[in-house]
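So the chains spell out like this:
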Amino acid sequence: MSNQENTPAASPAPEKPARIGILAALTALEGAALAVGGIYMLVMGLLGRPESPEQAETGGLTIIALGLIPLLAARGLLLRRSWSRGPALVTQIMALPVAWTLLRAQGALIPAGIVLAAVAVTALVLVLSPATTRELGIRGPRPAPTADAPEA
């Protein structure tokens, strides 16, 4: 017998479904965009000449903090943590009114609104998919006990 026959086969790592990876990437993209926007706002508040530097700085820090939520959710999705579905879902729901506002603007904001709407709708479909729910190990609601069933 050769050494290869005596060696136990290495168990392959469990595959991550493509939908989870795509959802995590879209969520991370939104989080990164928020963080970059917040950093820009913060820098312009510090170095630029805004009407209210304090408001620009506070707004920038707030946007950066809001950007961390989808970034953490994306990491949780990649690690298949069930808690990550909630922040990912909330991120997409919050992105829809922003996309609508951008779509009603003028100039270069309209394409940004189209992209944001496409990303948010795609991510919503993925996050609400029953297959995603199963992959994250989220169980459905328990059936309500009936009056005829004995209590445990």
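For the structure, check the block above.
The text that follows walks through the structure, step by step, so that each part is easy to find. Please read all numbers here as calculations on a predicted model, not as lab measurements.

## Describing unusual backbone geometry
- For arginine 80, which is not glycine, the phi torsion reads 60 degrees and is therefore positive.
- Examined against the element boundaries, arginine 80 turns out to sit in the loop between helix H3 (53–78) and helix H4 (85–103).
- Among the residues examined, arginine 80 registers a relative accessible area of 26% and is labelled partly exposed.

## Notes on the nonpolar core
- Among the nonpolar cores identified, the biggest contains 14 residues, and Leu23, Leu26, Leu77, Ala88 and Val127 are the most heavily contacted of them.
- Looking at this core, the elements with two or more residues in it are helix H2 (18–47), H3 and helix H5 (109–128).
- Residue contributions to this core peak at five residues, all from H5.
- The residues contacting valine 127, other than those within four sequence positions of it, are Leu23, Arg85, Ala88, Leu89 and Thr132.
- Listed in part, the six residues of the second largest apolar core include Ala99, Leu102, Ala117 and Ala120.

Here is what the cut-offs are and how they apply
Numbering of residues starts from 1 in every chain and runs along the sequence as written. Per-residue local features of the predicted model are confined to residues with pLDDT of at least 70, and side-chain atom pairs are confined, for both listing and counting, to 80 or more; whole-chain, interface and lining totals are unaffected and use all residues. The basis for the side-chain values is all heavy atoms of the structure; hydrogens and waters are excluded. Only runs of H or I of at least four residues qualify as helices and only runs of E of at least two qualify as strands under DSSP, and these elements are numbered from the N terminus. Each residue gets one of three labels from its accessible area relative to the maximum for its type: buried under 20%, exposed over 50%, partly exposed in between, using a 1.4 Å probe on protein chains only. The definition of a nonpolar core used throughout is a set of buried Ala, Val, Leu, Ile, Met, Phe, Trp, Tyr and Cys residues joined through side-chain atoms within 4.5 Å. The contact criterion used is simple: two residues touch if any of their non-hydrogen atoms lie within 4.5 Å.

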